[in-house]
Amino acid sequence: MTKNLLVELGLEELPAYVVTASEKQLGQKMATFLEANRLSYERIQTFSTPRRLAVRVHGLTDQQEDLVEDFKGPSKKIALDAQGNFTKAAQGFVRGKGLTTDDIEFRKIKGEEYVYVTKNEKGKAAQEVLMGIPDLLASLTFPVSMHWASNSFEYIRPVHTLTVLLDDHLLEMPFLDISSARYSRGHRFLGKEIAIQNALSYEADLRTQSVIVDPLERQQMILNQIKELEKEHHIQVDIDADLLNEVLNLVEYPTAFLGTFDTKYLSVPEEVLVTSMKNHQRYFVVRDQSGKLLPNFISVRNGNAQYIENVIKGNEKVLIARLEDGEFFWREDQKLKIEDLVAKLEDVTFHEKIGSLAQHMERTGVIANYLAEKANLSAEESKAVERASQIYKFDLLTGMVGEFDELQGVMGEKYALLAGEDPSVATAIREHYLPSSADGTLPETKVGAILALADKLDTLLSFFSVGLIPSGSNDPYALRRATQGIVRIFEAFGWDIPMDQLIANCYQLSFADFSYTHQEEVMTFIAARIEKMMGSSIPKDIREAVLASTHYQVPEMLATAQALVAASKTSHYKVAVENLSRVFNLAAKVDTEVTINPNIFENQEEKELYQAIVDLQLEGHAAHKLEQLFALTDKIAAFFDHTMVMAEDREIRNNRLALLTELVEKAETVAQFNLLNTK
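Source: prediction; values computed, not measured.

About the cut-offs
- Residues numbered from 1 in each chain as written.
- Predicted model: local features only at pLDDT ≥ 70, side-chain atom pairs only at ≥ 80, totals over all residues.
- Heavy atoms only, no water.
- Helix = DSSP H or I, 4+ residues; strand = E, 2+ residues; numbered from the N terminus.
- Buried < 20%, exposed > 50% of the residue type's maximum accessible area, 1.4 Å probe, protein only.
- Contact = heavy atoms within 4.5 Å.
- Areas by Shrake-Rupley, 256 points an atom, 1.4 Å probe, with all protein chains shown as cover.
- Lys, Arg positive; Asp, Glu negative; His and termini not counted.
- Charge placed at Lys NZ, Arg CZ, Asp CG, Glu CD.
- Expected span 1.5 Å × (residues − 1).
- Pairing = 2+ DSSP bridges.
- Axes fitted to C-alpha atoms, helices over the stretch in contact; angles between N-to-C directions.
- Parallel < 35°, antiparallel > 145°, perpendicular 65-115°, else oblique.
- Left-handed = near helix turned anticlockwise from the far one by under 90°.
- Nonpolar A, V, L, I, M, F, W, Y, C, P; charged D, E, K, R; others polar.
- UniProt positions renumbered as here; feature names shortened; annotations may be inferred.
- Core = buried A, V, L, I, M, F, W, Y, C linked by side-chain atoms within 4.5 Å.
- Patch = residues over 30% accessible without salt bridge, like charges linked within 9 Å, V, L, I, M, F, W, Y side chains within 5 Å.
- Salt bridge = Lys/Arg side-chain N within 4 Å of Asp/Glu carboxyl O.

### Topic: the overall build of the chain
Link 1 in the chain: In terms of regular secondary structure, the chain is built from 27 helices and 18 strands.
Link 2 in the chain: Sorting the 679 residues of the chain into buried and exposed places 51% on the buried side.
Link 3 in the chain: Long-range pairs, those at least 24 residues apart, make up 68% of the contacts in the chain with a sequence separation of at least 6.
Link 4 in the chain: Surface summary for the chain: the accessible area is close to 32700 Å², and the carbon and sulfur share equals 47%.
Link 5 in the chain: Computed over 71 positive and 100 negative side-chain charges, the inter-centroid distance for the chain is 5 Å.

### Some points on helix α20 (residues 519–534)
Link 1 in the chain: The end-to-end C-alpha distance of α20 is 23 Å, a good match for the 22 Å that 16 residues give at a rise of 1.5 Å each.
Link 2 in the chain: Those residues of α20 that sit buried are V522, M523, F525, I526, A527, R529, I530 and M534.
Link 3 in the chain: Looking at the buried side of α20, the elements it contacts are α17 (446–465), α18 (479–493), α19 (499–507), α21 (540–547) and α22 (554–567).
Link 4 in the chain: G535 sits one or two positions beyond α20 and adopts a positive phi of about 85 degrees.

### Some remarks on the sheet that holds strand β4 (residues 67–75)
Link 1 in the chain: Within the open sheet, the three strands sit side by side as β4-β6-β5. Their pairing is antiparallel. The sheet terminates laterally at β4 and β5 (105–109), the two strands that pair on one side only. The mean angle between the axes of side-by-side strands here comes to 40 degrees, regardless of whether they run parallel or antiparallel.
Link 2 in the chain: With five bridges connecting them, β5 and strand β6 (residues 112–121) associate as antiparallel partners. The residue bridging K108 from the neighbouring strand is E113, located in β6.
Link 3 in the chain: Packed onto the sheet, helix α3 (residues 88–96) meets β4 and β6 and runs at close to 160 degrees relative to β4.

### Things to note about the packing of helix α13 (residues 379–391) against helix α16 (residues 423–431)
Geometry of a packed helix pair, given as the angle between the helix axes and the separation of the axes.
Link 1 in the chain: Running from N to C, α13 and α16 cross one another at 50 degrees; their axes reach a closest spacing of 9 Å. Between α13 and α16, the interaxial angle falls into the category oblique. Judged by the twist between their axes, the crossing of α13 over α16 is right-handed. Here α13 contributes A384, R387, A388 and I391 to the contact with α16, which in turn contributes S424, V425, A428 and I429.
Link 2 in the chain: Tallied by class, residues from the contact of α13 with α16 come to six nonpolar, one polar and one charged.

### Structural notes on the UniProt feature "domain: DALR anticodon binding" (unreviewed entry) in the chain
Link 1 in the chain: In the numbering used here, UniProt assigns the "domain: DALR anticodon binding" (unreviewed entry) feature to residues 580–661.
Link 2 in the chain: Summarising residues 580–661: 62% helix, 0% strand, and an end-to-end C-alpha distance of 11 Å.

### Brief notes about the nonpolar core
Among soluble globular proteins, nonpolar side chains are generally buried collectively.
Link 1 in the chain: Of all hydrophobic cores here, the largest spans 132 residues; its most connected members are L371, F490, W495, I530, L629, F630 and F673.
Link 2 in the chain: Per-element accounting of this core gives the leading share, twelve residues, to α17.
Link 3 in the chain: Residues contacting I530, with those up to four places away along its chain left out, are V487, L547, Y552, V554, M557 and L558.
Link 4 in the chain: Listed in part, the 35 residues of the second largest apolar core include L11, L60, L140 and I156.

### Observations regarding a negative patch on the surface
Link 1 in the chain: A grouping of E346, D347, E362 and D513 is seen on the molecular surface, where their side chains present a negatively charged patch.
Link 2 in the chain: With respect to the helices and strands, the residue E362 is situated in helix α12 (residues 357–374).

### Observations regarding the sheet that holds strand β15 (residues 284–287)
Link 1 in the chain: Sheet architecture is open: four strands sit in the order β13-β15-β16-β14, paired in antiparallel fashion. Looking along the sheet, the strands with just one partner apiece sit at the ends: β13 (236–237) and β14 (254–260).

### Quick look at the pattern of salt bridges
Link 1 in the chain: One pass over the structure, following the stated rule, counts 31 salt bridges.
Link 2 in the chain: Measuring nitrogen to oxygen at the nearest pair gives 3.2 Å for the salt bridge that ties R322 to E403. Linking R322 in helix α10 (residues 308–333) with E403 in helix α14 (residues 399–403), this pair joins segments that are 81 residues apart in sequence.
Link 3 in the chain: One salt-bridge network, in which partners are shared between bridges, spans E8, E12, E13, R51, R52, R188 and E252.

What follows is the structure in structure tokens.
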């Protein structure tokens, strides 16, 4: 016989950004709890609103499965003494399993007998097992927590109610400073406390109190209401998925409405208006059928349509205050001069241990010029890189960015264009912040990409140099994200600038007030980001072999990893890699500088392998380089079949090791083949 379990935790309003994640976590924790306690079920359903997290288990068995488990103990010769009595080792073993020596039996494994015991545990009633739910709830983790009243415990928000129903039966249990009860709270303004009748009536019971507890239903209500407004007013609405999820988690009963603002604000850059509406007020942006921004917005009320006109007026008033700020800063910022703002960056701290923003820009400029040369940018592009690096942070001192920090770079581009800067310089000012997230949009222009790389490189090297190195999950300065951006930009633009040479060159730079340190740690950190870019689909041995190569060009390394994965599925991969691995392992035995002397080769196989190595160019794409190396398999195998590498004659031995070393020096530009696993 099965039953349905409902667990609802009622809290103070949760931050919108934690609601969905916490709902999913609760479902996952419940699944783990049930599986660990041998309680089977049909499916798990989760619910959430800003004031509650809930989970319902459908088809929950009413009793644990019985447990029958075998345990292997010490061998018989250790378990019994000379008189045939059980030793302390045997007694301790069974005692640890909650059994006695009467439960011991001996089983023979590969000719030797061992102690075995079988533990039989009768399954408990589900109701008894479910008394562990408070521990499950206590195990939920949150990005922030708090304590309230005089309590010493912490949780995401104060807890008001706990409801645990097995069908219609209330399971009474304590949690933090409350006890479970049948009651749940309705909508803060439109509802009241209500008794949940049973696990399956949960949604219907709360709906009577103006709470739509199913987030999918609540989301569909919002989308349907927006569609109705679109149809009624002949408009189209930008449905941003992240904004929709945030709004969804701010309301328990949604009602969408259309608001308006004065058309005069449309003279302000669209980015300012969108930021004011979307980021600051959580409004959806409205456009006409051609995509042009309209003086309207859509918001979602936490409640019904009663007195909606007053709600609309209130939201319009709040938005107008933000738009007034935007219009004012847009007008006033145009009176400022870029050179004056750049000069003031001398007094703006980048970091107290590192120096000013002006000093950061100076270092960035030096790195950017080096990168522009190595990336073979044109004279015009290099000139744009140099100019952009001289001014690219100026907009941080504008009023607009001071008020709307999300617009840094965006406003820099607009103000630079108004000041007559080259469009490529203006674009680079915006693009140097990209990517702004691990998988965010990348720069599209070479000038912007070079400036982004240089800015991120100085940030990385500067923070490492003063000991601010990420550890564990702690990364307050987002250095992992910056480094991931470096790797992604190199891959996207295909620049074959060796990363190790680039970093080494940076460490040779000299600045008046700062110098880079911790080079080895920086390279290890970058390697970890390259490995992450390869992804879990690339086997660990392949990732390690490619990262250990001497050709540290990011696009090439990523392509090589993919090429090795493809090659590993072919029939000749194992033999080819094993032969190359043998070459690598023997070459490692060289203990002195050696050179090849073709005149003392003793057999034809040495001569043929030598000529093949001389002819080996390793050009083209990664897959072609592997084909060239694997094509040597027969010659390598023949060489080993007919040649004693470690000959007694020192000159002959060193000549053969030199031959193998020559091959290794070429092959290791692709990968360290002796790190590959062929088993």
